[in-house]
Amino acid sequence: MGDYDDDTAFLGQSGPYFWTTFFLLNVVFVSTGFNGLYIVFVGAAPKHHCLIPDVNLTEEWRDAIIPFTIVDGEEVQSQCSRYKIDVVRNLSAQGYIPGREVNLTTLEQEGCLDGWNYSKEIYQSTIVTEWDLVCDNQWKVPFASSSLFVGYLIGSLVSGQLSDRFGRKKVVFMSLGVQCLSVLLQSFSHSWRMFCIMYLWVGASQISLYISAFVLGTEVLSKTMRVLFTTLGAFLFYCIGYMTLPWIAYGIREWRTLVAVLSTTSLINFPLWWYSITLSITVKKIDSKTMLVGQELPLSKTYTMLDVLKSKNLRCITLMCLLLWMAINIGYFGLSLNTSNLSGNPFVNCFLSATTEVPAYIVSTWLLKTCPRRVLLSLFLIIGGGVLLLIQFIPDTLHNVALALEMTGKFGFTMAFSIVYIYTAEIYPTVLRNIGMGMCSSAARVGSITAPYVIFLGTYNKVLPYILMGSLTIASSVVNLFLPETLHKDLPETVEQMQKCRGNIAEEARKGCRRAL
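In the nomenclature of an unreviewed UniProt entry, the protein chain corresponds to Solute carrier family 22 member 5-like from the organism Pundamilia nyererei. Comment text from UniProt for the protein chain, heading Subcellular location (unreviewed entry), reads "Membrane".

Next up, the structure:
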């Protein structure tokens, strides 16, 4: 790889070859935008109530058989119970009128023994309506969502080793094939368990595709195109897929057909296989004595995760970084998954959520050139967490205000998401950067696995997810203040060159005041 830039110099820094390669590689990320969050629509729960069998009931009793309950201060029809059929049938046969001659609150209730009746106002079918994932089985929906992120965790752990051994290009197309096949098979799922198993494969193949294509782009593009690819290209093309997803779902309201159609989006990338032989890069094993940052650094020691825990400074920085990555991922994926639960049109809500990411990536790329990382990250964490805490105080009648606050929160989390990647890489020394980023990435996966369950808390109280995500984010913004600043600082190469965590900020402030006096 050291001679690659010299060998391709005759092509220019931004000639037709590099622009074509840039476009074809970025198209790969569009499919990850399609397939990452379709659970928002596939796992949506339409309005529902107990199915009433075809028994002899008067119209009044058929309308009154579903009891009312209080949810978030509002009286709504129960989704999980009905008045006992035998009792209601006897009262109806005797000519009693519900509400006037019979006090409904005294009647015995029972569960939805005959199933549920689902509204088809928005969705023709979802996995919720097909397998009755409501009431006692409600937990199966966030479990299905989490299976995608468990796949992310597995895929991120194995994809690097596979691409180093077999080559980036082969792993990219293997991941494309597995993603296409697993999404297609998921559309034929005969049970919730099969759906979850296939979703795990979707997650593993998708993150493997993303990582391998990202690394491949940094290796085959020119220096000029490489910067554009790593800062904006991959993220913006992901957003294109994410923004297109709700309109595909709007046109296809049946979940099996929707998933089957989305599986075909990976096929448009296969012509890339024949584009250029230069994409078949097999990374050579790096010798223990290698050149790092233009200097000869004999790496006589092999570093492991245990080395991260040996010094107090490393432990302190790593624990704070793990908390940051976990909190940001809980907030980012929590808000992404919550769009179907917001008031208004779920397709428009999802589109708006995706659209807010575009300016976030552009603005963060611009700000990172000149602004301190610690201040930027804390600022946008406070914005993201602060607006989530404010949502609980917005009256139910002001739906648009609550939606605007949620989108502002998504903007803040996306900004934090893009900043924390660069910030963390700049903090760790070269000898531990890969290990440190790997540990943070694992913490991020734990956060994303947790996110569906945080949103699930909204079934008990709609403000609970906002309070939890907002509080955790504000706490992480405070923790971030203890990390060292990296702007205009040389990247550390050894553990000894690492900056120290800031320790007691209050004490530092007092010392600064004494010096000023």
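A.B. asks: I'm lost on the pattern of salt bridges in this one. Help?
C.D. replies: Side chains that differ in charge, positive against negative, can pair when their charged atoms come close. This model, assessed by the stated rule, comprises seven salt bridges. As a salt-bridge pair, Asp114 and Arg82 come within 2.8 Å of each other at their nearest N and O atoms. Within this pair, whereas Asp114 is found in the loop between strand S5 (109-111) and strand S6 (116-118), its partner Arg82 is found in strand S4 (residues 81-83), the two being separated by 32 residues in sequence. In this structure, Glu357 engages Lys410 in a salt bridge whose closest nitrogen and oxygen atoms are separated by 3.1 Å. Highlighted residues: Glu357 in helix H15 (residues 357-367) and Lys410 in helix H17 (residues 399-427), separated in sequence by 53 residues. Among the ionic contacts, a cluster of salt bridges with common partners joins Arg82, Glu110 and Asp114.

A.B. asks: Just to check I follow, could you spell out the packing of helix H13 (residues 312-337) against H17 for this structure?
C.D. replies: Packed helices, taken two at a time, are described by their axes: the angle between them and the distance between them. The N-to-C vectors of H13 and H17 enclose an angle of 150°; their axes lie 9 Å apart at closest approach. Relative to H17, the element H13 lies roughly antiparallel. With respect to the hand of their crossing, H13 and H17 are arranged in left-handed fashion. Where H13 approaches H17, its residues Ile317, Cys321, Trp325, Ala327, Ile328, Asn329, Gly331, Tyr332, Leu335 and Ser336 are matched on the opposing element by Glu406, Gly409, Lys410, Phe413, Thr414, Ala416, Phe417, Val420, Tyr421, Thr424 and Ile427. In terms of residue class, the contact of H13 with H17 is built from 13 nonpolar, six polar and two charged.

A.B. asks: Explain helix H8 (residues 168-186) to me, please; I cannot follow it from the model alone.
C.D. replies: Note that an α-helix has 3.6 residues per turn; residues three or four places apart therefore point the same way. A rise of 1.5 Å per residue sets the reference length of H8, with its 19 residues, at 27 Å; its end C-alpha atoms lie 26 Å apart and thus fit the reference within 8%. Among all positions of H8, only Arg168, Lys169, Val171, Val172, Phe173, Ser175, Leu176, Gln179, Cys180, Ser182, Val183 and Gln186 are buried.

A.B. asks: Explain the packing of H15 against H17 here, please?
C.D. replies: The N-to-C vectors of H15 and H17 enclose an angle of 45°; their axes lie 9 Å apart at closest approach. Viewed along their axes, H15 and H17 adopt a mutual orientation that is oblique. You can see that H15 and H17 cross each other, and the crossing is right-handed. Along its contact with H15, which presents Glu357, Pro359, Ala360, Tyr361, Val363, Ser364 and Leu367, the element H17 presents Lys410, Phe411, Thr414, Met415, Ser418 and Ile419. Across the contact of H15 with H17, the residue classes break down as eight nonpolar, three polar and two charged.

Here is what the cut-offs are and how they apply
Along every chain, residues carry numbers that run from 1 in the direction the sequence is written. Residue-level local features of this predicted model are given only where pLDDT is at least 70; pairs of side-chain atoms are given and counted only at 80 or more, and the full residue set underlies all totals for whole chains, interfaces and linings. Excluding hydrogens and water, the side-chain figures rest on all heavy atoms present in the structure. UniProt positions are given in the numbering used here, feature names are shortened, and annotations may be inferred rather than shown by experiment. For this analysis, a salt bridge means a side-chain nitrogen from Lys or Arg found within 4 Å of a carboxyl oxygen belonging to Asp or Glu. Helix numbers and strand numbers start at the N terminus; a helix is a DSSP run of H or I with at least 4 residues, a strand a run of E with at least 2. Structural elements are reduced to axes, namely lines fitted to C-alpha atoms, with helices fitted over the stretch in contact, and the angle between N-to-C directions of any two is expressed from 0 to 180 degrees. Should an angle lie under 35 degrees it is considered roughly parallel, over 145 roughly antiparallel, and from 65 to 115 roughly perpendicular; all remaining angles are considered oblique. Crossing handedness: left-handed means the near helix sits turned counterclockwise from the far one by under a right angle, and right-handed means the same turn made clockwise. Residues are treated as being in contact if the distance between any of their heavy atoms lies within 4.5 Å. Gly falls in the polar group here, along with every residue not listed as nonpolar (Ala, Val, Leu, Ile, Met, Phe, Trp, Tyr, Cys, Pro) or charged (Asp, Glu, Lys, Arg). What a helix should span is 1.5 Å times the count of its residues minus one. To sort residues, take the accessible area from a 1.4 Å probe on protein chains only and compare it with the maximum for the residue type: under 20% means buried, over 50% means exposed, and anything in between is partly exposed.

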